[in-house]
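Listed below, chain by chain, are the residues.
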Amino acid sequence: MKNTLHKSLLFLLLILVFSCKEETKKEEKETTIKTSVSENYNISILVDLSDRISLKKNPNPSMEIYQRDLGYIKSISEAFTEHLKSKRMRQIDDKMQLFFNPEPENAEINSISKDLRIIVTKDNASKELLNSINDNYSSKTTVIYESAIKDDKYIGSDIWNFFDSKVKDQCIDKNFRNILVILTDGYMFYEGTQIKDGNLSSYLTPQLIKQNGLNTNGWEKKFEKGNFGFIKINADLSDLDVLVLGINPSKNNPFEEKIIKAYWTKWLSEMKIKHFEIKNADLPSNTDKIIKDFILKKE
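1. What to know about the overall build of the chain
Here's step 1: A count of helical and extended segments in the chain gives ten helices and nine strands.
Here's step 2: Looking at the chain as a whole, 45% of its 299 residues are labelled buried.
Here's step 3: Contacts in the chain between residues far apart in sequence, at least 24 positions, make up 78% of those at least 6 positions apart.
Here's step 4: Carbon and sulfur atoms make up 51% of the accessible area of the chain, which amounts to about 16,400 Å² in all.

This is the structure:
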């Protein structure tokens, strides 16, 4: 009788201990999810409206560059709304905005871009608003690209200057996870910002790579020994995550892709950006997971 009672008590004790462990694991999991979900996002999209999107200069039979960009933007806005919908209404305090540098001369494009600066807080969050963001971003960015292509006035891409004078003020807010997505082919050029300092420059073109003699098998040693790269910007951007999408190297140099990525990697690292990825141009269906993983899964 005593043995039976002892076994029963031991069995109940084991069940109690196991239940407590499972409850602790469940609480830890819930806490982790809440901590991640309650994070506030500040997403910025920098669009390169240079002649890379020109249908005349850079036609792409499989899918035009501007259509790829629109697909990437769709994935970004979907990740943003997915993040918003995973939060409790009272936790919502998130932003998404779109930039160009320099601003296009087309007044309509600049006006539309202002409408794409979205701030969602607990005060204005509603199902209607959250459900409208994706369609809103898709339709308005389509108008922007189609207007730019129709104008056929491509003034270049001054990404270097954007980092030098605007990123800190416009893309980084305290108490937010700051994410900058850059849609570019990896090259930089703007007439008004052509600075050289030895082998460093504020711009990068296929011609410059060729002039620098980096179109040979020994480019990597030359790159490191000659201190090639973008001119360093003295800014601490450690509070910024950067995703570069659409790298599209010239087909005339088999090493071009690696050289472009070397320029960007060195430059972003010098600005103390810890979390960044540099991805080639691809079909939006292939890039969707990359974008959503980057935005929704912080490393």
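Now that the structure is up, let's keep going.
2. Brief notes about the side chain of D69
Here's step 1: Relative to the helices and strands, D69 resides in helix α2 (residues 65–85).
Here's step 2: In this structure the side chain of D69 is engaged in a polar contact, spanning 2.7 Å, whose partner is the side chain of Y145.
Here's step 3: The contact partners of D69, leaving out residues within four places of it in the chain, are R52, I53, Y145 and L183.

3. Here's the deal with the packing of aromatic side chains
Here's step 1: Enumeration according to the criterion identifies nine aromatic pairs in this entry.
Here's step 2: Where F230 meets Y263, the ring centres are 5.1 Å apart and the plane angle is 70 degrees; that geometry is what we call edge-to-face. Taken together, the residues F230 in strand β7 (residues 229–230) and Y263 in helix α9 (residues 256–270) connect sequence positions 33 residues apart.
Here's step 3: Assessed through its relative accessible area of 2%, F230 is described here as buried.
Here's step 4: By relative accessible area, Y263 is classed as buried at 0%.
Here's step 5: Among the aromatic residues, those joined into a cluster by ring pairs are F163, W219, F223, F230, Y263, W264 and W267.
Here's step 6: For the cation-ring pair, K95 lies above F176, with the distance from its terminal atom to the ring centre recorded as 4.7 Å.
Here's step 7: The ring centre of Y41 lies 5.5 Å from the NZ or CZ of R177, which sits over that ring.

4. A few points about the sheet that holds β7
Here's step 1: The three strands are arranged β5-β6-β7 in an open sheet whose pairing can be described as mixed. Where the open sheet ends on each side, the last strands, each with one partner, are β5 (196–197) and β7.
Here's step 2: Pairing geometry for β5 and strand β6 (residues 200–201), over two bridges, is antiparallel. Paired with D197 across the strands is L200, a residue of β6.

5. Comments concerning the packing of α2 against helix α4 (residues 127–151)
Angle between the axes and distance between the axes are the two parameters that describe a pair of packed helices.
Here's step 1: Look at α2 against α4: their axes get within 9 Å of each other, and the N-to-C directions meet at 160 degrees. Classified by the angle their axes make, α2 and α4 are roughly antiparallel. Crossing geometry of α2 relative to α4 is assigned as right-handed. In this structure, α2 contributes Y66, D69, L70, I73, S77, E78, F80, T81, L84 and K85 to the contact, and α4 contributes L130, N131, I133, N134, Y137, T141, T142, Y145, E146 and I149.

6. Examining the pairing of strand β8 (residues 240–247)
Here's step 1: With eight of eight residues buried, β8 lies mostly within the body of the structure.
Here's step 2: Here six bridges tie strand β4 (residues 177–183) to β8, and the two strands are oriented parallel to one another. Counted as the bridge partner of L183 is L245 from β8.
Here's step 3: Sheet topology places β8 next to strand β9 (residues 276–280); five bridges connect them, and they run parallel. Bridge pairing in β9 places L243 opposite E277.

7. A short note on the pattern of salt bridges
Here's step 1: As enumerated under the stated definition, the model contains 16 salt bridges in all.
Here's step 2: A salt bridge links K56 to D152; the nearest nitrogen and oxygen atoms lie 3.0 Å apart. Placement of K56 in the loop between β1 (41–47) and α2 and of D152 in the loop between α4 and α5 (159–165) is noted, with a sequence separation of 96 residues between them.
Here's step 3: A salt bridge links D123 to K122; the nearest nitrogen and oxygen atoms lie 3.8 Å apart.
Here's step 4: Classification of D123 by relative accessible area gives exposed; the value is 67%.
Here's step 5: Ionic contacts of the salt-bridge type, sharing partners, join the residues K74, E78, D288 and K292 into one network.

What counts, and where the lines are drawn
- Residues numbered from 1 in each chain as written.
- Predicted model: local features only at pLDDT ≥ 70, side-chain atom pairs only at ≥ 80, totals over all residues.
- Heavy atoms only, no water.
- Helix = DSSP H or I, 4+ residues; strand = E, 2+ residues; numbered from the N terminus.
- Buried < 20%, exposed > 50% of the residue type's maximum accessible area, 1.4 Å probe, protein only.
- Contact = heavy atoms within 4.5 Å.
- Areas by Shrake-Rupley, 256 points an atom, 1.4 Å probe, with all protein chains shown as cover.
- Polar contact = N/O pair within 3.5 Å; in protein donor to acceptor, adjacent residues only side chain to side chain.
- Phe/Tyr/Trp six-rings, centres within 6.5 Å; stacked < 30°, edge-to-face > 60°.
- Lys NZ or Arg CZ within 6 Å of the ring centre and 35° of its normal.
- Pairing = 2+ DSSP bridges.
- Axes fitted to C-alpha atoms, helices over the stretch in contact; angles between N-to-C directions.
- Parallel < 35°, antiparallel > 145°, perpendicular 65-115°, else oblique.
- Left-handed = near helix turned anticlockwise from the far one by under 90°.
- Salt bridge = Lys/Arg side-chain N within 4 Å of Asp/Glu carboxyl O.

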